[in-house]
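# Architecture and fold: a report
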Amino acid sequence: TSQDEIGQLRKDLEQMRIHLKEIVNKGIQSEDNTREIMSSISHDLKTPITAIKGYTEGILDGVADTPDKQKKYLQTIYAKANDMTYLIDELSVYSKVEQNSLPYNFISVNLENYFTDCIDEFSLDLESQNFHLDYINDTDKNTQIIADPEQLKRVINNLISNAVKYSKKENGHITIHIKDVPVQNSKQPLYRQINEDGTDKFPTIRPEYIQIQIEDNGLGIAKKDLPHIFDRFFRADTSRNSSKRGSGLGLAIVKMIISDHGGKVWVDSTEGIGSCFYFTLRKDTKNNGGAYEQDIDH
Ligand code: ADP
């Protein structure tokens, strides 16, 4: 009912106010380019606020004079408040990660189980949007990684929701592909050499990292934008000018979380064809048998 919606809206706005205060107090003041960030935030917040004010006036002035119209106005207000909550949530996470105050809880996680659980969670939502998801895991099923499951979920969530958000209307397709990072051992001879005790003189190096690839067949990213997409508040013109909701913080958060995990993230994309985001994560070598050399270049 409209009463419930107003109640929810009020709660959302209150939560937003608290978040905003927290961010302004803690995060933004310590930034170097405060002005640029503040102007970007105020622009993104002003847009939904203007709409909320307009629709509220419509109800107060009696322009929305039927219950149907009033309901529509309230739904719009609710949607706009949600946009703001989304932005504020991302700002809050961003400022926490940047100040190293996001409480990480690193544990040993079974890669295969973790991803199948994640995919189960997303698949219903993707199906309802007519998205096809393929999952390929080429690593050993016993592979353990070191990760904070909750924060890693945020990374996967951001990348998948971007793949959906920046997609063409039809035949949306996402492929998640997990591999071992190939290891080059410059000392490896072309033939096997055996020690006196029968062990390998140059045992095969076990890769220390795994690589996760999330590929879409969506809008792709213009060449000129590629170097910037992990920058905070960066949004390509195509997304700024569209109705696609966003803060330009998602990928900046992804980058920081992956780097806090000791991994790397990068992207490959062709405009009009699609994008592929890659990231690496450290294996839990204690549980994987261990890599015997540390000079692994990945
Ligand atoms: P947001 O989605 O909130 O705008 P992000 O930091 O997640 O912010 O992404 C930054 C920009 O990178 C997006 O605005 C969009 O232009 C581009 N982008 C991100 N992911 C994709 C994707 N899978 N396909 C095409 N463009 C993308």
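About the cut-offs
- Residues numbered from 1 in each chain as written.
- Predicted model: local features only at pLDDT ≥ 70, side-chain atom pairs only at ≥ 80, totals over all residues.
- Heavy atoms only, no water.
- Helix = DSSP H or I, 4+ residues; strand = E, 2+ residues; numbered from the N terminus.
- Buried < 20%, exposed > 50% of the residue type's maximum accessible area, 1.4 Å probe, protein only.
- Contact = heavy atoms within 4.5 Å.
- Core = buried A, V, L, I, M, F, W, Y, C linked by side-chain atoms within 4.5 Å.
- Pairing = 2+ DSSP bridges.
- Axes fitted to C-alpha atoms, helices over the stretch in contact; angles between N-to-C directions.
- Near = heavy atom within 4 Å.
- Polar contact = N/O pair within 3.5 Å; in protein donor to acceptor, adjacent residues only side chain to side chain.
- Areas by Shrake-Rupley, 256 points an atom, 1.4 Å probe, with all protein chains shown as cover.
- Nonpolar A, V, L, I, M, F, W, Y, C, P; charged D, E, K, R; others polar.
- Salt bridge = Lys/Arg side-chain N within 4 Å of Asp/Glu carboxyl O.

### Description of the environment of K69
Along the chain, K69 turns up in helix α3 (residues 67-98). The exposure class of K69 is partly exposed, given its relative accessible area of 38%. Separated by ten residues in the primary sequence, K69 and I59 have C-alpha atoms spaced 8.8 Å apart. Apart from the residues within four sequence positions on either side, K69 is in contact with V63 and A64.

### Re the nonpolar core
Counting 58 residues, the largest nonpolar core has L152, I156, I174, I176, I212 and F279 as its most contacted members. Top element by residues in this core is α3. It accounts for ten residues. Those residues in contact with I212 that sit more than four places away from it in its chain are F115, I176, H177, I178, F277, Y278, F279 and L281.

### Observations regarding the sheet that holds strand β6 (residues 265-270)
Pairing in this open sheet of five strands is mixed, and the strands run β2-β4-β5-β7-β6 from one edge to the other. Only two strands of the sheet have a single partner each, and these edge strands are β2 (132-137) and β6. Each strand axis lies, on average, 15° off the axis of its neighbour in the sheet, ignoring direction. The pairing of strand β5 (residues 209-216) with strand β7 (residues 274-282) spans seven bridges and is classified as antiparallel. Counterpart to I210 in the pairing with β7 is L281.

### Quick look at the site of the ligand
Of all residues adjacent to the ligand, which total 20 residues, the nearest are Y166, R235, S239, S247 and L251. A distance of 2.7 Å separates an oxygen atom of the ligand from a polar atom in the side chain of Y166. The separation between an oxygen atom of the ligand and a polar side-chain atom of R235 is 2.4 Å. Contact with the protein chains covers 98% of the free accessible surface of the ligand, which is 540 Å². Elements with a contribution of two residues or more to the shell around the ligand: α5 (149-165), α7 (250-260) and β7. If one sorts the elements of the shell around the ligand by residue count, α5 sits on top with three residues. Broken down by class, the residue content of the shell around the ligand amounts to nine nonpolar, eight polar and three charged.

### Some details on the side chain of S95
Tracing the sequence through the fold places S95 in helix α3. On the basis of relative accessible area, S95 is assigned to the buried category, the value being 11%. From its side chain, S95 meets the backbone oxygen of S92 in a polar contact 3.2 Å long.

### Some thoughts on the pattern of salt bridges
Counted by the stated rule, this structure contains five salt bridges. Residue E121 pairs with K153 through a salt bridge whose shortest N-O separation is 3.3 Å. Note that E121 is positioned in helix α4 (residues 111-128) and K153 in helix α5, a separation of 32 residues in sequence. Put simply, D225 and K224 hold a salt bridge, and the shortest N to O gap is 3.3 Å. Judged by relative accessible area, which is 55%, K224 ranks as exposed.

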